[in-house]
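Spelled out, the chains give:
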Amino acid sequence: MRVFRLQVNGDTVEVAAPEHWTLLEVLRYKIGLTGSKQGCDKGDCGACTVLLDGVPTLACLSLAATVETSAITTIEGLLPAHRANGGEGADPVQDAFDRCGALQCGFCQPGMILSAKALLAKNPNPTSQEIKQSLSGNLCRCTGYTQIYEAVVLAAKGEQV
Amino acid sequence: MLRLPKFEVKNPSTVEEAIAMMHAIDGEARFLAGGTDLNPNMKHRLFTPERVVALGGIEEMFGITQQEDGSMRIGAMATLANVASHAELGLAYPALSQAALLVSGPQLRNMGTLGGNVMLDTRCQWYNQTYFWRSALGFCMKKDGTKCHVIEGGSKCVAAASNDTAPALMTLGAELEFANATGRTRMPIADLWQADGIWNKKVAHTELLVAIHLPKPSADQRGAYGKLRDRGSIDFPLFGIAIRLDLDAQGTIFDAALCAVALQARPWPLKKAAALLCGTKPGEESFTEAVEQVAALAAKQCRPMPNIPGDHEYRHAMVSVYTKRALLAAANGDGPVHHV
C-alpha cells in the first residue's frame, strides 16, 4: 500500500491504495468517483478519460503513482467548478449534451464531455473536422456520434436552445 | 476488468537515479514512459516486473530544442502530441511530424512519448491478447510458449514492428542517446534493430533511451508518412511508409530514403527503391516514371504476413498504393497519407 496525495477536482485527497493501481482504480474504488468509466481497460475506448492539467488522458493506463503532481479533473468536477465560477445551472458542455440528446446508454459520455471540454478550452470555435478529431479517441458503442458533434457545436456557440 | 500485476513504483528525478533503480533489484524491472504500451502489456501479463521505474520526473528527458549546429534534440519523454504540434519540427522533418500525428488517438498521443514509440514492443495478433486468451491457444514463442502461430514450424518470432515514428526516424538518420550502467552511448537508429520479434532491439531493456537527435536537414528536404489502418484513429498501422527526399537548387533529387513498418520484426528500409529516385525531378516525367518503379519494387520487397490484424493480401495490395501516394505527397509538400 502507498498513500497517494492526489489533486482531484480542486481538492487534495490523501488515499491509501496498492502501489500498482491505476488512477482509474483509485478514483472508482477508493475515492468513490465512479463517473470515469471502466470500459476496455486497455486504452482503446476512451471511457475512462480524465483531464490531467487540462489534457485528456486515459485513467486506465495511468498509474496513480505517476499523477500526484497533476490537477485531475473528472466528470464529477465540472458542475462544482462551473458554480464556483459564478455559473448557473449545469456546466455548459454537459447542458449542451443534455439538450442535444447526445447519449443513448451514456457510458461514453463522461469521456466525450471531458474531451470536448479540453477542445473548447483550447479552441473556442472548432471546425467540425477539429471536433471529430478531438473526439476520435472516444468510442460510442451506440454510434450516436451525430448528436455528440452537434452538442459540441452548441456548447461552442454558447446558445441556449 | 484488466488488473495490473503487483509491482513497486519508483519515481527517479535524474537519469542516473533511474539507471541505479533499474539495477538495484534482483528481479525484473521496467522503465515506464507514457504507459500506453507497457501498461496494457502488463495487464495482459506479457510483462510481470517486480519494479516499475517511472520516468515522468526526469527533466532532462523532456523538451524539443534546436542545437547550435542546426540539429534537433528531442527528449525521449516528449509526447507524441508535442512532436506532432511542434511547428519547427513540422517544417524541418514533416515525415516525423506526420507519423506522430497518426499514432493512435488524441489521449494516447497526449500520454505516449517519442522514446516510448521507438522502444515499442513488437506486436502480433497471437501475442497482444489476455493471458486467458493466450493460454487457450497454448501460448506462442514470444511469451510463455514455444510455437509460432503465424508460420507453422517457424523457428523465429515474426511479431511486427508497429511504431509509426520509427520508419520516419530511420529516413531522417536519427541518432539515439542511451544511458546504461557504464555511461552514455549514441547509436544511429538504423543500428538499433535486429530481426527477432521477441526483442527487436540490440540494446537491453535495462538501457534507457534519453533523447533522439535529428541531423540538420538539407536546404530543400521534403518528406511524408503514409499509414494504412482500419479506422481514422486509435489503430496501430497495418502498413506504414516514411519518405525523405533531398532536392538540389535545380529541383533534382540527389538523395532519398524510404522505410516501411508493420511487416516483420524490424522497420524495413527500401534502399534499392530509394536509389531509383535519385537524379529525377519532381514535376517531370523522370520522377513520375520513378514513382511507378519504386511502388512496384516496394510491393516486391514488402511482404505483409498474417501476424497483425488485417488481411495480409489486402495489406500487400496497399503497399504500392501507399508508397506511391506518400512519394507524391512528399514531393508536393503534402501529407500525411491516410484514407480518412
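Residues numbered from 1 in each chain as written. Chains lettered and ligands numbered in written order. Predicted model: local features only at pLDDT ≥ 70, side-chain atom pairs only at ≥ 80, totals over all residues. Heavy atoms only, no water.

Peer 1: Account for the overall build of chain A, with residues named and values stated.
Peer 2: In terms of helices and strands, chain A carries 6 helices and 5 strands. Moving toward the C terminus, one meets the helices and strands of chain A in the order β-β-α-β-β-β-α-α-α-α-α. Against the 2.2 N^0.38 benchmark of 15 Å for 161 residues, chain A shows a C-alpha radius of gyration of 15 Å, consistent with a compact globule. For chain A, the spread of C-alpha atoms along the principal axes amounts to about 50 × 35 × 25 Å. For chain A, the proportion of its 161 residues judged to be buried stands at 51%. Taking all contacts inside chain A whose residues are at least 6 apart in sequence as the whole, residues at least 24 apart take part in 51%. Taken as a whole, chain A presents about 7300 Å² of accessible surface, with 49% of it coming from carbon and sulfur. Charge centroids of chain A, computed over 13 positive and 16 negative side chains, lie 4 Å from each other. (Helix = DSSP H or I, 4+ residues; strand = E, 2+ residues; numbered from the N terminus. Rg over C-alpha atoms; globule rule 2.2 N^0.38 Å. Buried < 20%, exposed > 50% of the residue type's maximum accessible area, 1.4 Å probe, protein only. Contact = heavy atoms within 4.5 Å. Areas by Shrake-Rupley, 256 points an atom, 1.4 Å probe, with all protein chains shown as cover. Lys, Arg positive; Asp, Glu negative; His and termini not counted. Charge placed at Lys NZ, Arg CZ, Asp CG, Glu CD.)

Peer 1: Describe the sheet that holds strand β1 (residues 2–8) of chain A, naming the residues involved and giving the relevant values.
Peer 2: Residues and elements named next belong to chain A. Strand order in the open sheet formed by 5 strands is β2-β1-β5-β3-β4, with mixed pairing between adjacent strands. Among the strands making up the open sheet, the edge pair consists of β2 (11–17) and β4 (55–58). Geometrically, the sheet is characterised by an average inter-axis angle of 45° between neighbouring strands, direction not taken into account. Alignment of strand β3 (residues 49–52) against strand β5 (residues 71–73), held across 2 bridges, turns out to be antiparallel. Along β5, the bridge assignment pairs L51 with T73. Lying over the sheet, helix α1 (residues 23–31) contacts β1, β2, β3 and β5, oriented at roughly 90° with respect to β2. The sheet contacts of helix α4 (residues 109–122) involve β3, β4 and β5, and relative to β3 the element is tilted by about 30°. (Pairing = 2+ DSSP bridges. Axes fitted to C-alpha atoms, helices over the stretch in contact; angles between N-to-C directions.)

Peer 1: Could you give an account of the nonpolar core, naming the residues involved and the relevant values?
Peer 2: Ranked by internal contacts, the top residues of the largest apolar core, which has 61 residues, are I74, L96 and L214 of chain B. Ranked by the residues each element gives to this core, the list is headed by strand β8 (residues 208–214) of chain B, at 6 residues. The contact partners of L96 of chain B, leaving out residues within four places of it in the chain, are I74, V83, L114, T165, A168, L169, L172 and L214 of chain B. If you look at the next biggest cluster of nonpolar residues, it comprises 44 residues, including W21 of chain A together with L32, L46 and V52 of chain B. (Core = buried A, V, L, I, M, F, W, Y, C linked by side-chain atoms within 4.5 Å.)

Peer 1: Summarise the state of the cysteines; cite the residues concerned and give the values.
Peer 2: Here a disulfide denotes a covalent bond joining the sulfur atom of one cysteine to the sulfur atom of another. In the structure shown here, the tally under the stated rule is 0 disulfides over all chains. Of all cysteine sulfurs in the structure, the one in C48 of chain A sits closest to C60 of chain A, which takes part in no disulfide; the separation is 3.7 Å. A residue is classified by how much of its surface remains accessible, and C60 of chain A, at 2% relative accessible area, is buried. C278 of chain B carries a free sulfur, and the closest cysteine sulfur to it, the one in C259 of chain B, is 16 Å from it. (Disulfide = S-S within 2.5 Å.)

Peer 1: Explain the pattern of salt bridges to me, using residue names and the numbers behind them.
Peer 2: Applying the stated criterion across every chain, the model contains 24 salt bridges over all chains. Where D41 of chain A meets K43 of chain B, a salt bridge forms, and the shortest distance between an N and an O atom there is 3.1 Å. In this pair, D41 of chain A is assigned in the loop between α1 and β3 and K43 of chain B in helix α2 (residues 38–43), connecting two distinct chains. Exposure class is identical for D41 of chain A and K43 of chain B. Each is buried. With a shortest N-O distance of 2.9 Å, R186 of chain B and E175 of chain B are connected by a salt bridge. Remark: E175 of chain B occurs in strand β6 (residues 175–180) and R186 of chain B occurs in strand β7 (residues 183–188); sequence separation between them is 11 residues. A relative accessible area of 28% places E175 of chain B in the partly exposed class. Beyond isolated ion pairs, a larger network of salt bridges with shared partners links E16, E60, E177 and R184 of chain B. (Salt bridge = Lys/Arg side-chain N within 4 Å of Asp/Glu carboxyl O.)

Peer 1: Can you break down unusual backbone geometry residue by residue, with the values?
Peer 2: Residue P336 of chain B is reached from G335 of chain B by a cis peptide bond, and omega for that bond is 0°. For P336 of chain B, the position within the fold is in the segment after α12 (312–332). The backbone phi angle of T143 of chain A is positive, close to 55°, even though this residue is not glycine. We classify T143 of chain A as exposed; its relative accessible area is 59%.

Peer 1: Pulling in residues and values, what's your account of the domain arrangement of chain A?
Peer 2: Accessible area lost upon the coming together of the parts serves often as the stated size of an interface. Residues and elements named next belong to chain A. Assigned domains of chain A: these are domain 1 (2–76) and domain 2 (79–157). Inter-centroid distance (C-alpha atoms) of domain 1 to domain 2 is 20 Å. At the boundary of domain 1 with domain 2, total buried surface from both sides reaches about 1100 Å², with 67% on carbon and sulfur atoms. Among the residues domain 1 hides against domain 2, the three largest losses belong to K37, T49 and I75. Together they make up 41% of the total. The interface formed by domain 1 and domain 2 contains 0 salt bridges. (Domains from an automatic or database assignment. Buried area = accessible area lost by both parts, 1.4 Å probe.)

Peer 1: Which residues make up the pairing of β4 of chain A, and what are the values?
Peer 2: All names here are of chain A. By the bridge criterion, 4 bridges tie β3 to β4 in an arrangement that is antiparallel. Paired with V50 across the two strands is T57, which belongs to β4. Counting the residues in the hairpin turn of β3 and β4 gives 2 residues, including D53, whose phi is positive at 50°.

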